[in-house]
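Analysis of the macromolecular model
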Amino acid sequence: MFNPFKKRYNAEEQEYFNFLSQIKQFEKLTNDELALFIPYMYLRKYKQNEVVFFSGDPSHALYIIKGGRVSLSIDIKDNFEQLSSITMGNSFGDNTFLEHTKRIYNATVTSEQAELYVIPQINIFEILDNHPEIKGKIMASMAELYNQYTSNIFKEYRSNFGFFQLSSVYDNNP
């Protein structure tokens, strides 16, 4: 049934919805819920080899790739070991959904240029604090990501048995 009072969105907003709905953290949200994030999506342009953040930096924003390629890496002694190379439609820095966290990997632009949407943590928390249903949906998506990461760790561990002590992954003592 047609509801004449339902909010209508313009073509630009629809593009944002289509883009955001491809991002794991936002895939469960409705257009009305996604609309809350649009005012806080700041487009930043980066050049090749520009660092988005270093391991140990405060987790103050979520990044979503609009265009380009970003390498995620960890420091191993004096070298960087690449974890992943991600492109358009992927997000990184997802520990920004947790308070008082620091980055656990480095993020560096590897393409000639990259366009990244930056959503500040303070704005994310404001939305989540005022909309518990959105918080629940995003946390469910984050749990799915966590489950996939854990599954990947176990798969890799099985194929390279003995490479590291798996028990140390679950050790709660720092």
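Note on numbering: residues in each chain are counted from 1, in written sequence order. Totals for whole chains, interfaces and linings use every residue, but because this is a predicted model, local features are given only for residues with pLDDT of at least 70 and side-chain atom pairs only at 80 or more, for both listing and counting. Where side-chain values are given, they derive from all heavy atoms of the structure, hydrogens and water being excluded.

Attention now goes to the nonpolar core. Working definition of a nonpolar core: buried Ala, Val, Leu, Ile, Met, Phe, Trp, Tyr and Cys residues. They are joined through side-chain atoms within 4.5 Å. Accessible area is worked out with a 1.4 Å probe on protein chains only. A residue is then buried under 20% of its type maximum, exposed over 50%, and partly exposed in between. In this structure, F26, F37, I64, I124 and I138 are the most contacted members of the largest nonpolar core, which totals 26 residues. The helix and strand labels rest on DSSP assignments: H or I over at least four residues marks a helix, E over at least two residues marks a strand, and numbering proceeds from the N terminus. Secondary structure elements with two or more residues in this core: α1 (11–20), β3 (61–67), β8 (113–120), α3 (121–130) and α4 (132–159). Listed in part, the 16 residues of the second largest apolar core include V52, F53, I65 and V109.

What follows covers α1. Along α1, the residues classified as buried are Y16, F17, F19 and L20. Seen from one end, α1 has its buried residues packed into an arc of 165°, which puts them on one side. In this structure, α1 carries A11, E15 and N18 as exposed residues pointing more than 90 degrees from its buried face. The secondary structure elements touched by the buried residues of α1 are α2 (31–34), β3 and β8. Looking at where α1 begins, the residue whose side-chain oxygen comes 3.0 Å from the main-chain nitrogen of E12 is N10. By arc we mean the arc of the directions from the helix axis to the C-beta atoms, nothing more. The contact rule is simple, with two residues in contact once any of their heavy atoms fall within 4.5 Å. Whenever a nitrogen or oxygen atom comes within 3.5 Å of another N or O atom, the pair is scored as a polar contact, on the condition that within protein one atom can donate a hydrogen and the other can accept it, and that pairs from neighbouring residues in sequence are kept only if both atoms are in side chains.

Note on pairing: two strands pair once DSSP finds at least 2 bridges between them. The sheet built from four strands is open, its strands ordered β2-β7-β4-β5 with antiparallel pairing. Two strands lie at the open edges of the sheet, namely β2 (51–53) and β5 (79–87), each paired on one side alone. Strand-to-strand, the axes of this sheet are offset by a mean angle of 30°, without reference to chain direction. As a rule, the C-alpha atoms of each element are fitted with a line to give its axis, helices using only the stretch in contact, and angles between N-to-C directions run from 0 to 180 degrees.

Looking now at the packing of aromatic side chains. Put simply, two rings from Phe, Tyr or Trp (the six-membered ring, in Trp's case) pair if the centres are within 6.5 Å, and we call them stacked under 30 degrees between planes, edge-to-face over 60, tilted for the rest. In total, this model carries eight aromatic pairs according to the counting rule given. Judged by centre distance (5.6 Å) and plane angle (45°), the ring pair of F53 and Y63 falls under tilted. Residue F53 is found in strand β2, and its partner Y63 is found in strand β3; the two are separated by ten residues along the sequence. Exposure class is identical for F53 and Y63. Each is buried. Counting every residue linked through ring pairs, the aromatic cluster contains F53, Y63, F92 and Y105. When the ring centre of F53 is taken as reference, the NZ or CZ atom of R103 above it lies at 4.2 Å. Each ring is checked for a lysine NZ or an arginine CZ that lies within 6 Å of its centre and within 35 degrees of its normal; such an atom marks a charge sitting over the ring.

With that settled, the discussion passes to the sheet that holds strand β1 (residues 42–47). In sheet architecture, strand pairing relies on hydrogen bonds along the backbone and comes in two forms, parallel and antiparallel. Read across the sheet, four strands follow the order β1-β8-β3-β6 without closing on themselves; strand pairing throughout is antiparallel. In this open sheet, the two edge strands, each paired with only one partner strand, are β1 and β6 (91–92). Note: β3 against β6, two bridges, orientation antiparallel. Looking at the pairing, I64 lines up with S91 of β6. Relative to β3, α1 is tilted by about 105°, and along the sheet it contacts β3 and β8. Taken strand by strand, α3 contacts β1, β3 and β8, and its axis lies near 45° from that of β8.

Without other data, these values stay purely geometric and don't point to any function.
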